[in-house]
Amino acid sequence: MKMMSIVLLGGAFLAGCGSKPGEDDRYGPAAQWAADALLEHYWNDGASGMNNAYPYAEEREGHLNYWWKAHAVDAMVDAYERTGDEAYAEKAALIVKSIIKRNGSLYNEFYDDMEWLALSALRLYDATGDETMKGYVLKLWGDIKTAWWEDELGGMAWKKDQRHNRNACSNGPAAILAARLYDRFGDEADLAWAKKIYEWEKTHLVDPASGLVYDGLVLEDDGRLNVNRDWIFTYNNGTFLGAAVELYKITGDEAYLADAEKTAAAALKHHSDDATGVMKSEGTGDGGLFKGILLRYLANLYEAGGSERIRDAIYHNADALLAKGSTQDVGLFGTAWDRPHEEPLDLTVQLSGVFLLEAAAKLERLEGR
């Protein structure tokens, strides 16, 4: 019966995809359809969490994928914030606890993985007031701060046994987390951390001309900084502009908003197909999540005072996904938002499609539609 309701909602929604944004309530129902399809195809009652891929196969579940599951928490919090349905919040809490149980510890060898879990658990705490989640966040933050190098270079390391690598993926989310912790709990040290991490990333990993964010750098044995300018990923741009938005909201400093807008414009241009305006595929596995993360923080930027081109880009990609990239009868999304999915379909790829539709639904609510 649950699957039938998803099919009917998806079919009813897709039949109206020719209408323009604002003509009716379009993206809210689409986000609901996507959230329900996510649970239908990925939720595992026995594990109290999300499977790594659809269709289920035991050999695909051998690895935890700590950070993938942290983003599944975000998906449930999105649905809870949109609907007020406590079942989503309960699922989110179960996923957090299942990550910890399966991992054997709250902590992880990858600093960015812990940052993602801390960010999603903090959102769950914000939504529900669950003190257990707050405790997890504060413990994670204590460990995350050990990533900072107290040397002339500074910056947050990526992995506990590879501290010579200092990457956007560990600095951007850490700056967002520190800023949000300051906003929630008022510890001035957290604001100092947010500013310090943000300025480090801007100085070392953000192209001053374009605003694009490089993946990372390595401090070589001879002291040279080897910046990887070849890897420019959506999610690194997303977390940098996301940190800028958080600092703008706290400080009111327009320079942060300008930084965010610059990086947003560059990221959308760099990562979108020139002919279609639809964001490019970044593959499966970890890369499947990258676009969805960017879309989350673009929506936050628009909410903070971002430009209409951000709104238009989100709606355009959502329309492409619903018209060409979704499978009407099952509600699954592919690596390219204007083409159907292929199986097996990693959780990461599906989450990005869900995040896109949640971002469009959020903008629709903001505009009072």
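This write-up is about the structure you can find in this document. (Residues numbered from 1 in each chain as written. Predicted model: local features only at pLDDT ≥ 70, side-chain atom pairs only at ≥ 80, totals over all residues. Heavy atoms only, no water.)

**Describing the overall build of the chain**
Stage number 1. Of regular secondary structure, the chain possesses 13 helices and 8 strands.
Stage number 2. For 369 residues, the compact-globule estimate of 2.2 N^0.38 gives 21 Å, and the chain sits close to it at 19 Å.
Stage number 3. Projected onto the principal axes, the alpha-carbon positions of the chain cover approximately 60 × 45 × 35 Å.
Stage number 4. Out of the 369 residues belonging to the chain, those deemed buried represent 59%.
Stage number 5. Distance from the positive charge centre (38 side chains) to the negative charge centre (60 side chains) of the chain: 1 Å. (Helix = DSSP H or I, 4+ residues; strand = E, 2+ residues; numbered from the N terminus. Rg over C-alpha atoms; globule rule 2.2 N^0.38 Å. Buried < 20%, exposed > 50% of the residue type's maximum accessible area, 1.4 Å probe, protein only. Lys, Arg positive; Asp, Glu negative; His and termini not counted. Charge placed at Lys NZ, Arg CZ, Asp CG, Glu CD.)

**Looking at the sheet that holds strand β7 (residues 225-228)**
Stage number 1. Ordered by their spatial adjacency, 4 strands build an open sheet running β4-β5-β6-β7, and the pairing between neighbours is antiparallel. Strand pairing shows two members of the sheet lacking a second neighbour, β4 (157-159) and β7, which therefore form its edges. Averaged over neighbouring strand pairs, the angle between their axes works out to 40 degrees when direction is ignored.
Stage number 2. Judged from the 4 bridges that link them, strand β6 (residues 216-219) and β7 form a sheet pairing that is antiparallel. Residue pairing in the sheet places Gly216 in a bridge with Asn228 of β7.
Stage number 3. Each of β4, β5 (162-167) and β6 is contacted by helix α7 (residues 168-185), which is oriented at about 65 degrees to β5, the strand it contacts most.
Stage number 4. Lying over the sheet, helix α8 (residues 188-205) contacts β5, β6 and β7, oriented at roughly 85 degrees with respect to β6. (Pairing = 2+ DSSP bridges. Axes fitted to C-alpha atoms, helices over the stretch in contact; angles between N-to-C directions. Contact = heavy atoms within 4.5 Å.)

**Details of α8**
Stage number 1. Relative to the 26 Å expected for 18 residues at 1.5 Å per residue, α8 spans 25 Å between its end C-alpha atoms, a close match to the ideal helical length.
Stage number 2. Turning to α8, its buried residues are Asp190, Leu191, Trp193, Ala194, Ile197, Tyr198, Trp200, Glu201 and Leu205. (Expected span 1.5 Å × (residues − 1).)

**A look at the packing of helix α3 (residues 66-83) against helix α5 (residues 111-128)**
Stage number 1. In the contact formed by α3 and α5, the axes pass within 8 Å of each other and the chain directions differ by 20 degrees. By the criterion of interaxial angle, the relationship of α3 to α5 is roughly parallel. As for how α3 packs across α5, the hand of that crossing is left-handed. Across the interface between the two elements, Tyr66, Trp67, Ala70, His71, Val73, Asp74, Val77, Asp78, Tyr80 and Glu81 of α3 pack against Asp113, Met114, Trp116, Leu117, Ser120, Arg123, Leu124, Ala127 and Thr128 of α5.
Stage number 2. Here the contact of α3 with α5 is built from residues that sort into 11 nonpolar, 3 polar and 5 charged. (Parallel < 35°, antiparallel > 145°, perpendicular 65-115°, else oblique. Left-handed = near helix turned anticlockwise from the far one by under 90°. Nonpolar A, V, L, I, M, F, W, Y, C, P; charged D, E, K, R; others polar.)

**Comments concerning the pattern of salt bridges**
Stage number 1. In total, this model carries 21 salt bridges according to the counting rule given.
Stage number 2. Residue Lys159 is joined to Asp161 by a salt bridge in which the shortest nitrogen-to-oxygen separation is 2.7 Å.
Stage number 3. Given the relative accessible area of 8%, Lys159 is considered buried.
Stage number 4. Taking the shortest distance from any N to any O, the salt bridge between Arg311 and Glu367 comes out at 3.2 Å. In this pair, Arg311 sits in helix α12 (residues 308-325) while Glu367 sits in the segment after α13 (347-366), placing the two residues 56 residues apart along the sequence.
Stage number 5. Judged by relative accessible area, which is 15%, Arg311 ranks as buried.
Stage number 6. Three or more residues are tied together by salt bridges with common partners; here these are Asp74, Asp78, Glu81, Arg123 and Arg296. (Salt bridge = Lys/Arg side-chain N within 4 Å of Asp/Glu carboxyl O.)

**Comments concerning the nonpolar core**
Stage number 1. Within the largest apolar cluster, 129 residues are counted, with the highest numbers of intra-cluster contacts made by Leu38, Met50, Met76, Ile144, Leu177, Ile314 and Leu357.
Stage number 2. Among all residues touching Leu38, those that are not within four sequence positions of it are Trp43, Met50, Ala75, Met76, Leu347, Gln350, Leu351 and Val354. (Core = buried A, V, L, I, M, F, W, Y, C linked by side-chain atoms within 4.5 Å.)

**A few points about α13**
Stage number 1. For α13, with 20 residues, the first-to-last C-alpha span of 28 Å sits near the 28 Å given by 1.5 Å per residue.
Stage number 2. Where α13 terminates, the next one or two residues include Gly368, which has phi positive at roughly 75 degrees.

**Notes on the packing of aromatic side chains**
Stage number 1. All chains considered together, the criterion is met by 16 aromatic pairs.
Stage number 2. Between the aromatic rings of Trp67 and Phe290, the centroid separation amounts to 6.5 Å while the plane-to-plane angle is 40 degrees, which identifies the pairing as tilted. Of the two residues, Trp67 is situated in helix α3 and Phe290 in helix α11 (residues 290-304); the sequence distance between them amounts to 223 residues. Each of the two residues, Trp67 as well as Phe290, counts as buried.
Stage number 3. Grouped by ring-pair contacts, the aromatic residues Trp67, Trp116, Trp231, Phe233, Tyr235 and Phe290 constitute a single cluster.
Stage number 4. Residue placement shows Lys91 over the ring face of Trp43; its charged tip is 4.9 Å from the ring centre.
Stage number 5. Just above the ring of Trp337 sits the side chain of Lys291; from NZ or CZ to the centre is 4.1 Å. (Phe/Tyr/Trp six-rings, centres within 6.5 Å; stacked < 30°, edge-to-face > 60°. Lys NZ or Arg CZ within 6 Å of the ring centre and 35° of its normal.)

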